[in-house]
Amino acid sequence: MRDKEEQTFIIMKPDAIQRSLFGEILSRFERKGLKIIGVKMVKISDPLLEEHYSHLADKPFFKTLKNYMKSSPVVLMVLAGTNAISATRLIVGPTKGYEADAGSIRGDFSLSAQSNLVHASDSPETAKKEIKRFFKDEELFNYEKPDYKFVYSEKFF
Ligand code: IDP
Ligand code: MG
C-alpha cells in the first residue's frame, strides 16, 4: 500500500472507560506512532449515535447497542499518521472480541460482539464524515512531533 498521511476517528467506548483500559489502549496507539490531534470526553446524544450507527439501524441489537454506548461517558479522539485508518483497524481487530487475534485490542481484552472497547473508522470516506460529525475544526490541532522522521518514513533520511 502506498504511504499516505491520514486521520482517523476513535471512540474509547464505555467498557474501555469502566474497565480502566483507557490508558492501556491509548498507549498502544501512541507506541505505534499515531499522533493525537484531537481528544475530548462526552456522553454521546441519541441523534449523534443514531447517525453514527445508521448502517445498523435495522439490526436486532440496535437498541442495546445504543444503551451500551450511552451507559458511560466516552472519549473521542482523532489520530493522525501514515495509513492511519487501516493501521488502526489492525491494532483494534475485527468486531467480535472472541474472534479477534491475540495481540489486537479486542483480541486481548474483549469476549463480546458488542462490548469491544474501541470504535475506529473503517475507510477514508467514513473517517472524514465521522471526524466532521464529532469534532469542530478548532478542536483539531496541527503540530509537529520530534519523533516524526523516525516514525513515518525513510524519505526523511
Ligand atoms: P466495527 O466496530 O468493527 O466497525 P460494525 O459492524 O460497524 O463493527 O458495528 C458497530 C458496533 O456495533 C460494533 O463495534 C459493536 O459494538 C456493535 N455490534 C456489531 N455487530 C454486533 C452483533 O452482532 N451483536 C452485538 N453488537 C454488535
Ligand atoms: Mg464500523
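The coordinates are above.
Looking at where histidine 119 falls in the secondary structure, it is placed in strand 4 (residues 118-120). At 3.0 Å, the side chain of histidine 119 and the side chain of glutamate 130 are in polar contact. Those residues in contact with histidine 119 that lie beyond four places of it in its chain are Phe9, Ile10, Ile11, Lys13, His52, Tyr53 and Glu130.

Moving on, we get to the site of ligand 1. Residues in contact with ligand 1 amount to 13 residues; listed here are only the nearest, Lys13, Arg89, Thr95, Gln114 and Asn116. Here arginine 89 contributes a side-chain N or O atom positioned 2.9 Å from an oxygen atom of ligand 1. At 2.7 Å from an oxygen atom of ligand 1 is found a main-chain nitrogen or oxygen belonging to glutamine 114. Alone, ligand 1 offers 530 Å² of accessible surface; in the complex the protein occludes 82% of this.

Further remarks concern helix 2 (residues 22-32). For helix 2, the set of buried residues is Ile25, Leu26, Arg28 and Phe29. Across the axial projection of helix 2, the buried residues extend over an arc of 150°, all falling on one side.

Here the focus is the side chain of threonine 88. Checked against the element boundaries, threonine 88 lands in helix 5 (residues 84-92). Residue classification places threonine 88 among the buried residues on the basis of a relative accessible area of 0%. Look past the residues within four positions of threonine 88 in its chain and what remains in contact with it is Thr8, Ile10, Phe29, Leu34 and Ala120.

Here we take up the pairing of strand 3 (residues 74-82). Buried residues dominate strand 3, accounting for eight of its nine residues. As judged from the eight bridges shared by strand 1 (residues 5-12) and strand 3, these two strands associate in the antiparallel manner. Residue phenylalanine 9 lies in a different strand from strand 3, and its bridge partner there is valine 78. As defined by bridge partners, strand 2 (residues 35-42) adjoins strand 3 across seven bridges and the pair is classed as antiparallel.

Let us look at helix 4 (residues 62-69). Those residues of helix 4 lying buried are Phe62, Leu65, Lys66, Tyr68 and Met69. Down the axis of helix 4, the buried set is contained in an arc of 160°. They therefore lie on one face. Residues of helix 4 that are buried make contact with strand 1, helix 1 (14-18), helix 3 (46-52) and strand 3.

What counts, and where the lines are drawn
- Residues numbered from 1 in each chain as written.
- Chains lettered and ligands numbered in written order.
- Predicted model: local features only at pLDDT ≥ 70, side-chain atom pairs only at ≥ 80, totals over all residues.
- Heavy atoms only, no water.
- Helix = DSSP H or I, 4+ residues; strand = E, 2+ residues; numbered from the N terminus.
- Polar contact = N/O pair within 3.5 Å; in protein donor to acceptor, adjacent residues only side chain to side chain.
- Contact = heavy atoms within 4.5 Å.
- Near = heavy atom within 4 Å.
- Areas by Shrake-Rupley, 256 points an atom, 1.4 Å probe, with all protein chains shown as cover.
- Buried < 20%, exposed > 50% of the residue type's maximum accessible area, 1.4 Å probe, protein only.
- Arc of directions from axis to C-beta.
- Pairing = 2+ DSSP bridges.

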